[in-house]
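The lines below spell out each chain.
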Amino acid sequence: MELSWNQVDEKWRSKWHDAKDFETDPNDKPKKFITVAYPYPNSPQHIGHGRTYTLADVHSRYYRMKGFNVLFPMGFHYTGTPILGMSKRVQANDVELIEAFKTLYNVPEDKIKEFVDPVKIADYFHEEIKTGMIEMGYSIDWRREFTTIIPAYQKFIEWQFRILKDKNLIVQGNHPVGWCPNDQNPVSQHDTLGDVEPDFTEYIVIKFNIEDEIIPVATLRPETLFGVTNLWINPEIVYKKVKVDEETWIISAECAYKLEFLNKKIEIIEDILGSELIGKQVHSPTSEDEFLILPASFVTSTTGTGIVMSVPAHAPYDFQALEDIKNGNQRDVEDSLRNVVRKIQPITIIATEGFGDIPSLDVIKRMGITNQDDPKLEDATKEIYSKEFYEGKLNSNAGEFADKKITFVKEEVKEWISKTGKSDIMLELTNESVKCRCGTKCVVKLLNNQWFLDYANKEWKERARECFESMNILPNDIRTEFFNVLDWLRERACARQHGLGTKVPWDNDWLVESLADSVIYMSFYTMAKFVNSGEILAENMSDEFFNYIFYGNGDSEIIAKGAKITTEKLEEIRNEFLYFYPVDSRHSGRDLVPNHLTFFVLNHVAIFPKENWPKEIVVNGSVLMDGKKMSKSMGNIIPLRDAVRKYGADPIRLSILISAELLQDADFNVEIISSIKNKLESMLEECIKFNNPGNIGIEPEDIWIQSRLSKLISEVTDSMEKMRLRESLHHILYGFDSDLQWYMKRANAKNRDDISGVLNKVISIRVSMLSPFAPHIAEEMWEKLGNSDMVSKSSWPKEEEQTDDRAIQNESLLSSVMNDISNITKVTKITPKKIIIYTSDNWKSKAYHKILNGVISGETNVGAFIKELILQKETENVKKDPDFVKKTLKDILSEPTELRRTKMRAGEIDESKIISNELSSLIETDYGIKLQVFSENDSEKYDPKNKARMARPYKPAILIE
Ligand SMILES: [Zn+2]
């Protein structure tokens, strides 16, 4: 009969729900507080979203079985602008969006009508996502659910903001932000198309001039001013003569547009063709020198001012553009001017080891560059820039800066020019094409008197660094990424003009930005339960109340009175926080490393004492669909709820987890789903078949398989602790199959009928370890195994305190001999009539263990072993067979260290006895003949091919006739 996955899901979901199994209150057990970044409800979740939540759920369920009191809560993040933008598009009757709601998300038409109200959009998808989470079997305590626009949460955020302001960590000032000119709002990663974090580049603008008109150039390398030979314009560009504050500048139109956002007063006077500027002389801002303006095609209007200073000795583009004029490649230059240009020589100002007199020329020659449109010039530029930056020194052409290292001199030169009043600063987006979600190209804006979180604050960063250092980060490789983020982080706008959320408490024109109100909300889960039950009312939650709950400050009687609750209730709320905090594990996707996860730590270290700093961060990669990125435009998004209906919750959970470890991208496809379904269905059948706990035999294979089972438990537990869930799942689902096959083979060869006890034990342990991953079907299996309790309430299996190393060695000897026999028959194509096995002489076993001990303590020299073995009576035979030492050493060295240790613990084993007693039945079953076993030193042995002397411990000699 076909298994109905949906029925199994529903059955166990309702049992968990009725038993209130995931509602967690403080108790005497140790706790784990596991959280995931809450969802932003502007669409239903798809399979990709399922990954982070499933990881956290597996983590929670695992810890529950390990005996912890686990709290796994969930909230919904309504704050921000995207939902507002959607409701505006619905108001404007946007056909594309309304179609998407209808066809992609299956939203009923009467609901879509309500979407003119942004909160209705959020509410609708909130319920949709929540239902999906329940259907996925997530073990969430729903009593603690909240949205970020409920009044109690707003009170909490106001408290958070006042605390930060009191600590001077929210500052008012003029700082650059990424900005959408259309929305008139700052933009960060979550507001841009493709989730790009807007990043800035700071240019130094150096003001050359032609009489009263400024010809500004923007550069990243102000120190190269000493090597300037001319300026470049692009003759194709129509420049603008612009009044910039009190000065007249000639710049590109794009530059004029950008300057407006940088607080410049801009007034366009007239157009001026690039070609009109060719051949004009400009004055240097810092000396009496004059320079020609020359044409170059590599100059663009979108970078800097659209005018570039030429430093041919150190900038390959400049060198090549000059060459192009000199040799006639640049045609729009008159001959008289060309003759003047031919006299221009590069001025070298930086000495760097490995470069000659003119670094540009060196690299251009080496790369075979012949004109300024060659894309290799980009590489040439990068090479020189980085080598000179780290290793170069200015030479005597740089006047007072001679002998200074480039790495340090940039700021000094910047300062020096700035003192002359002949320079300025210009900020640009490093990634020029960042677009807002509304489709508008973003710019850098200098915001005046805005509210910023002072993430540039060095002490604050230092505390955050300390927290990151003390914290468990999974996978650990990502730790340095957090340190890098801390390094480049600077002031961050924390207020917005539009959107849903909480008003900035002291400045009601502004709303708290969405990445600023989602950093310490994990602490709110501890009180949300009391808010939802109506035990405390938002209107009675004051700063004093929060100070008591989170810090224990103030007099409990006065505060309880103010909050209109009993002192006991106040204590209960405080204890809830004290019990569950700190966060034991924070799960999130990798895209949140440079923002949310870092801000989460920064805000925790600012607001909470050290004992409440987070303990762990777990970061995961994304989910691909058939190897491709999931996206609306690719049409390959599967809504999570649809997938659950179609395949069942557990097959989806396993498919997401089994193809990748944490940071890798997981690949979801239908083949994986169906192979997992098959595996789980066959496990379910085994549960029905082996539902009798029965007695467990004491044959060697019984002892062996229990040792192997113990090893499996320890391997799975070890991978679980490291959140290596892919590895755990492989061990649980497939890792034991070959052991089980061997066991069955052994038992069948002996015609045993008393093995159901072992099989029941094996399958029970596999099911209980499977249950955090596939909770519904595991409950079903557990029930079929005859248990009356739920597996989710059982304990995580424990490994045996001592595994039987000797049993493991014996079986591995048997299986390797069986393998060797089968290989020999395959190669020689013999149908065996006789199989004879010779076990090695006793002295060899003694020598083997001496060599093994030696290897484990670090000795690997053959000569040393031979010398030592010969000296001892029991192994003196080595002198007759020195080759034995060499071969044995090779045997041992080719094995993993772990195996060497097991062998050492097992000690000498009686191979001849094991093989005679245990291998005969196998040989009879597989080959239908009797096995003959001789010891190497048996004088009566049948050994026509003189094979016995080849026997070594664990490698008996084999003769097949
Ligand atoms: Zn926009």
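Residues numbered from 1 in each chain as written. Predicted model: local features only at pLDDT ≥ 70, side-chain atom pairs only at ≥ 80, totals over all residues. Heavy atoms only, no water.

**What about the overall build of the protein?**
Selection rule: By the criteria applied, helices consist of DSSP H or I runs no shorter than four residues and strands consist of E runs no shorter than two, each listed in order from the N terminus. Summary of the burial criterion: residues with accessible area below 20% of their type's maximum are buried, those above 50% are exposed, and those between are partly exposed, where the area comes from a 1.4 Å probe applied to protein chains only. Throughout, a contact is declared for two residues whenever any of their heavy atoms are within 4.5 Å. Each accessible area is a Shrake-Rupley estimate made with a 1.4 Å probe; only the visible protein chains count as cover when residues are assessed.
The helix and strand tally for the protein stands at 35 helices and 29 strands. By its C-alpha atoms, the protein is 115 × 80 × 55 Å across when sized along the principal axes. Across the 961 residues in the protein, those meeting the buried criterion constitute 55%. Pairs at least 24 apart in sequence give 75% of the contacts found in the protein among residues at least 6 apart. If you sum the accessible surface of the protein, you get close to 42,000 Å²; carbon and sulfur atoms cover 47% of it.

**Notes on the coordination of the zinc ion**
The cut-off we apply is this: Donor atoms: N, O and S within 2.8 Å of the metal, or within 3.2 Å for Na, K and Ca. Because water is excluded, sites can look incomplete.
At this site the zinc ion is bound by Cys180 (SG), Asp183 (OD), Cys436 (SG) and Cys438 (SG), with donor distances of 2.2 to 2.3 Å. Donor residues for the zinc ion, ordered by position in the chain, follow C-x2-D-x252-C-x1-C. Here Asp183 is found in the loop between β3 (170–180) and β4 (185–186), whereas its partner Cys436 is found in the loop between β16 (423–429) and β17 (443–453), with 253 residues between them in sequence. Using a relative accessible area of 3% as the deciding quantity, one classes Cys436 as buried.

**Examining the environment of Phe22**
Residue placement: Phe22 occurs in the loop between α1 (5–18) and β1 (31–36). For the pair Phe22 and Ser386, spaced 364 residues apart in the sequence, the C-alpha separation amounts to 56 Å. If we skip the residues at most four places from it in the chain, Phe22 touches Trp16, Arg61, Arg64, Ser139, Ile140 and Asp141.

**Details of a negative patch on the surface**
Quick note on the threshold: Each patch groups residues whose relative accessible area exceeds 30% and which form no salt bridge, using 9 Å between like charges and 5 Å between nonpolar side chains of Val, Leu, Ile, Met, Phe, Trp and Tyr. Take a side-chain nitrogen of Lys or Arg and a carboxyl oxygen of Asp or Glu: if they are within 4 Å of each other, that pair is a salt bridge. Charge counting follows a simple rule: Lys and Arg are positive, Asp and Glu are negative, and His as well as the terminal groups are ignored. To locate a charge, take NZ of a lysine, CZ of an arginine, CG of an aspartate or CD of a glutamate.
On the surface, Asp110, Glu114, Asp117, Asp123 and Glu127 cluster together into a patch of negative charge. Looking at the negative patch, the elements with two or more residues in it are α5 (109–114) and α6 (118–135). The topology assignment puts Glu114 in helix α5. For Glu114, a relative accessible area of 33% translates into the label partly exposed.

**Focus on the packing of helix α15 (residues 458–470) against helix α21 (residues 593–607)**
Defined as follows: Interaxial angle, 0 to 180 degrees, is taken between N-to-C directions of lines fitted to C-alpha atoms, where a helix line uses only the stretch in contact. Any angle from 65 to 115 degrees is called roughly perpendicular, while one under 35 is roughly parallel, one over 145 is roughly antiparallel, and all others are oblique. Under the scheme applied, nonpolar residues are Ala, Val, Leu, Ile, Met, Phe, Trp, Tyr, Cys and Pro; charged residues are Asp, Glu, Lys and Arg; polar residues are all the others, including Gly.
Where α15 contacts α21, the axes come no closer than 9 Å and their chain directions differ by 105°. Looking at the two axes, α15 sits roughly perpendicular to α21. On the side of α15, the interface is formed by Trp460, Lys461, Arg463, Ala464, Cys467 and Phe468, while α21 contributes Leu597, Thr598, Val601, Leu602, Asn603, Val605 and Ala606. Its residues assigned to classes, the contact of α15 with α21 shows nine nonpolar, two polar and two charged.

**Focus on the sheet that holds β3**
Rule in force here: Think of it this way: DSSP has to see at least two bridges between two strands before they count as a pair.
If you trace the four strands from one edge of the open sheet to the other, you get β4-β3-β17-β19, paired in antiparallel fashion. The open sheet has two edge strands, β4 and β19 (492–493), and neither has a second partner. When β3 meets β17, the two strands line up antiparallel, connected through nine bridges. Bridged to Trp179 within β17 is Val443.

**Some points on the packing of helix α27 (residues 737–749) against helix α35 (residues 911–927)**
Interaxial distance between α27 and α35 falls to 8 Å at its minimum, and their mutual angle equals 90°. For the element pair α27 / α35, the angle class is roughly perpendicular. For the pair α27 and α35, the contacting residues are Trp742, Lys745, Arg746 and Ala749 in the first and Glu918, Ser921, Leu922, Thr925 and Asp926 in the second. Among the residues making up the contact of α27 with α35, the classes are represented as three nonpolar, two polar and four charged.

**Comments concerning the environment of His59**
Let me state the cut-off plainly: In the analysis that follows, any N or O atom pair within 3.5 Å is treated as a polar contact, provided that within protein one partner can donate a hydrogen and the other can accept it, and provided that, for residues neighboring in sequence, both atoms belong to side chains.
Relative to the helices and strands, His59 resides in helix α2 (residues 47–65). Residues His59 and Phe773 lie 714 residues apart in sequence; the distance between their C-alpha atoms is 9.0 Å. Beyond its immediate sequence surroundings of up to four residues, His59 is in contact with Ile34, Ser585, His587, Glu616, Val618 and Met723. One polar contact links His59 to His587, side chain to side chain, over a distance of 2.9 Å.

**Description of empty space enclosed by the protein**
Worth spelling out the cut-off: Points on a 1 Å grid over protein atoms alone make up a cavity when a 1.4 Å probe fits among them but cannot get out, and a pocket when they form an open set with protein on both sides within 12 Å along at least five of seven lines; lining residues each have an atom within 4 Å of a point. Grid points are joined across faces, edges and corners, and a volume is the space filled by probe spheres set on the points.
Under the counting rule described, the total for this entry stands at three cavities of 30 Å³ or more. By volume, the largest cavity amounts to about 300 Å³. For the largest cavity, the lining is made up of 21 residues, of which Glu197, Pro198, Phe200, Glu491 and Arg492 are closest to its centre. Contributing elements (two or more residues each) for the lining of the largest cavity: β3, β19 and α21. Per-element accounting of the lining of the largest cavity gives the leading share, three residues, to β3.

**Looking at the layout of surface pockets**
What the second largest pocket holds in volume is close to 950 Å³. Surrounding the second largest pocket, 28 residues form its lining, Leu220, Thr303, Val308, Tyr317 and Thr381 being those nearest its centre. Elements with a contribution of two residues or more to the lining of the second largest pocket: β6 (213–219), β13 (308–310), α10 (316–326) and α13 (376–391).

**A word on the pattern of salt bridges**
Inspection of every chain in the model, using the stated rule, returns 77 salt bridges. Its salt-bridge partner being Arg746, residue Glu701 comes within 3.3 Å of it at the nearest N-O pair. Within this pair, whereas Glu701 is found in helix α25 (residues 700–721), its partner Arg746 is found in helix α27, the two being separated by 45 residues in sequence. Looking at Glu701, the relative accessible area reads 0%, which means it is buried. Of the charged contacts, one joins Arg708 and Asp739 as a salt bridge, the two residues approaching to 2.8 Å between their closest N and O atoms. Of this pair, Arg708 sits in helix α25 while Asp739 sits in helix α27, and the two are 31 residues apart along the sequence.

**Things to note about the nonpolar core**
Side chains of a nonpolar character, in soluble globular proteins, are inclined to be buried together. To keep it simple, the criterion reads: Side-chain atoms within 4.5 Å are what join buried Ala, Val, Leu, Ile, Met, Phe, Trp, Tyr and Cys residues into a set we call a nonpolar core.
One finds Phe101, Leu770, Phe773 and Leu919 to be the most contacted residues of the largest nonpolar core, which totals 139 residues. With sequence-adjacent residues up to four places away left out, Leu770 is seen in contact with Leu654, Leu680, Met683, Leu729, Ile732, Leu733, Ala778 and Met781. Formed by 80 residues, the second largest nonpolar core is a distinct cluster that contains Tyr153, Cys467, Trp510 and Val601.

**Some words on the sheet that holds strand β28 (residues 931–935)**
Strand order across the open sheet formed by three strands is β28-β27-β29, with mixed pairing between neighbours. The sheet is open, and its two borders are formed by β28 and β29 (957–960), each paired with just one other strand. Pairwise comparison of adjacent strand axes, ignoring direction, gives a mean angle of 20° for this sheet.

**Concerning the pairing of strand β22 (residues 585–589)**
Using the following cut-off: If the strands point away from the viewer and the path from the first strand over the helix to the second runs clockwise, then the crossover is right-handed.
Of all five residues in β22, five are buried; the element is thus mostly enclosed. Side chains Ser585, His587 and Gly589 project from β22 onto one buried face, and the interleaved Arg586 and Ser588 project onto a second face that is buried too. In terms of strand pairing, β1 meets β22 through three bridges, oriented parallel. Pairing of Val36 across the sheet is with His587, part of β22. Taken together, the four bridges between β22 and strand β23 (residues 616–620) define a ladder with parallel strand orientation. Counterpart to His587 in the pairing with β23 is Val618. Handedness of the crossover is the feature at issue here: the chain leaves β22, passes through α21, returns alongside β23, and the resulting connection is right-handed.

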